[in-house]
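Here's the letter readout for the chains.
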Amino acid sequence: MSFTRVARGVYLIDTAPDVLPRAIASYLVRGEGEAVLIDVGYRSTSKQLLRALDSIGLGVEELRWIVLTHVHLDHCGAVAEVLERYPRAAVLVHRRGQRHLISPEKLLDSARSIFGDEALRKMGGMEAVPEDRVKVAEDDAEVVLPGITLRLFETPGHAPHHISVLIEPYRYVVTGDALASRGPRYPEPIPDTAPPQFSYEDAVRSVRRIFEHRPRLLLLSHYGPIISPDDGGEEEIRLLERWIEKVRALKSEGLDPFSITGRIVDEMEARGCKKLDLVARNAVLMAVLGVYLSLP
């Protein structure tokens, strides 16, 4: 099944069950007659997302907001297609991401420079969004649905325009990529330190801000819900620190990002006694690249 009910009115949606199952999640939050969709996945898998929304029974007049945690293509690529299906919906995005939805050329050029033309083609790129349907998500802004309130708060680090979403009264937090990737595709947690704008200091502050809300569940984009630990995010910060020190040490040996990735993948496979699939290998590569480029 391409969706799972997490709680009353809260659904996890697998955005790409046909090609990348259990790799990229969106979250649908429904009140009485109104709904919010958090992230939309790649444009190339928009039909799979729309099929899941149909299966849940989301009416075309019901969706009011699409909240984007950030404007990386695995989170925002399908936004124009979703807006076309749901005519009452508008997009909420960080002010620094707004221009990339209206005029996505620089975003697509950045993705092309990192991933290459063929990968960008497989992602599907992104269509421009009409300016009147894009609104700025202010820090600590609230979206109120009948019986459910979403609070949007800034969590930069993975990207300077990144936000996370607290869902009340459940105390669930949709974390986007502010925390490490976990789940069935990953043999162990992999920090989401992707290029081109990773910042360690902001990432640490963002972890602390997430855990200030004392979340009961963390709803990860990569992938799925996990029970929030009791340590206030300290292990998450230690994980991030160990990852950066690992990449720094290997860079100091003169290794390039691809050699570093190969070394880390070999170590993960030895610990887990199994081969990493392409999704996990790419996650390691992106996490290495972001740190590598941020180091002096």
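Residues numbered from 1 in each chain as written. Predicted model: local features only at pLDDT ≥ 70, side-chain atom pairs only at ≥ 80, totals over all residues. Heavy atoms only, no water.

Further remarks concern the overall build of the protein. What the protein contains, in helices and strands, is 10 helices and 13 strands. For the protein, whose C-alpha radius of gyration is 18 Å, the value lies close to the compact-globule estimate of 19 Å for 296 residues. Burial status across the protein gives 57% buried among its 296 residues. Taking contacts inside the protein between residues at least 6 apart in sequence as the whole, the part at least 24 apart equals 67%. For the protein, the exposed surface amounts to about 13,000 Å²; the carbon and sulfur share of it is 49%. Between the averaged position of the 38 positive side-chain charges in the protein and that of its 43 negative side-chain charges there is a distance of 2 Å. (Helix = DSSP H or I, 4+ residues; strand = E, 2+ residues; numbered from the N terminus. Rg over C-alpha atoms; globule rule 2.2 N^0.38 Å. Buried < 20%, exposed > 50% of the residue type's maximum accessible area, 1.4 Å probe, protein only. Contact = heavy atoms within 4.5 Å. Areas by Shrake-Rupley, 256 points an atom, 1.4 Å probe, with all protein chains shown as cover. Lys, Arg positive; Asp, Glu negative; His and termini not counted. Charge placed at Lys NZ, Arg CZ, Asp CG, Glu CD.)

This paragraph deals with the environment of R248. Positionally, R248 belongs in helix α8 (residues 234-252). Along the backbone, R248 and Y292 are 44 residues apart, and their C-alpha atoms lie at a distance of 7.3 Å.

Reported here for the largest pocket is a volume of approximately 1,300 Å³. Y42, D74, F115, M123 and M286 are the residues nearest the centre of the largest pocket, which is lined by 46 residues in total. Within the residue set of the lining of the largest pocket, elements represented by two or more residues are α2 (73-76), α4 (95-102), α5 (105-115), α6 (117-123) and α10 (278-294). Class assignment of the residues belonging to the lining of the largest pocket gives a composition of 28 nonpolar, 11 polar and seven charged. Estimated volume of the second largest pocket: approximately 210 Å³. In terms of lining residues, the second largest pocket is bounded by R8, G9, Y11, R30, G31, E32, G33, P146, G147, I148 and Y170. Split into classes, the residues belonging to the lining of the second largest pocket amount to four nonpolar, four polar and three charged. (1 Å grid on protein atoms, 1.4 Å probe; cavity = no way out; pocket = protein on both sides within 12 Å on 5 of 7 lines; lining within 4 Å. Points joined across faces, edges and corners; volume = space filled by probe spheres on them. Nonpolar A, V, L, I, M, F, W, Y, C, P; charged D, E, K, R; others polar.)

In contact at an axis separation of 9 Å, helix α9 (residues 257-272) and α10 are set at 130° when each is read in the N-to-C sense. Judged by the inter-axis angle, α9 sits oblique to α10. The chirality of how α9 crosses α10 is right-handed. Here α9 contributes P257, F258, I260, T261, I264, V265, M268 and E269 to the contact with α10, which in turn contributes R281, V284, L285, V288, L289 and Y292. For the contact of α9 with α10, the residue count by class is 11 nonpolar, one polar and two charged. (Axes fitted to C-alpha atoms, helices over the stretch in contact; angles between N-to-C directions. Parallel < 35°, antiparallel > 145°, perpendicular 65-115°, else oblique. Left-handed = near helix turned anticlockwise from the far one by under 90°.)

On to the sheet that holds strand β13 (residues 224-227). Read from one edge of the open sheet, six strands run β8-β9-β10-β11-β12-β13, paired in mixed fashion. In the strand order of this sheet, the two ends are held by β8 (141-145) and β13, each with one partner. Across the sheet, the axes of successive neighbouring strands diverge by a mean angle of 25°, strand direction being ignored. Of the pairings in the sheet, the one linking β8 to strand β9 (residues 148-154) comprises five bridges and is antiparallel in character. (Pairing = 2+ DSSP bridges.)

Attention now moves to the sheet that holds strand β7 (residues 134-136). If you trace the seven strands from one edge of the open sheet to the other, you get β1-β2-β3-β4-β5-β6-β7, paired in mixed fashion. The strands lining the two open edges of the sheet, one partner per strand, are β1 (3-7) and β7. Each strand of the sheet is rotated relative to its neighbour by a mean of 25°, with strand direction disregarded. One ladder, built from four bridges, connects β1 with strand β2 (residues 10-14); its direction is antiparallel. Its bridge partner lying in β2, F3 is registered against I13. Of the strands in this sheet, β1, β2, β3 (25-30) and β4 (35-38) are in contact with helix α1 (residues 46-56), which crosses β2 at around 145°.

For the rest of this paragraph, the subject is the packing of α8 against α9. Here α8 crosses α9 at 125°, and the two axes come no closer than 10 Å. Here α9 runs oblique to α8, going by the angle between their axes. Note on packing geometry: the crossing formed by α8 with α9 is right-handed. Here W243, K246, V247, L250 and K251 of α8 come into contact with α9, specifically with I260, R263, I264, E267 and M268. Taken together, the residues of the contact of α8 with α9 sort by class into six nonpolar, no polar and four charged.

In total, this model carries 25 salt bridges according to the counting rule given. Among the salt bridges present, the one from R112 reaches D117, with a minimum N-O distance of 2.9 Å. Of the residues examined, R112 reaches a relative accessible area of 34% and is grouped as partly exposed. Classification of D117 by relative accessible area gives exposed; the value is 55%. Shared partners join several salt bridges into a network, and the residues in it are R43, E81 and E127. (Salt bridge = Lys/Arg side-chain N within 4 Å of Asp/Glu carboxyl O.)

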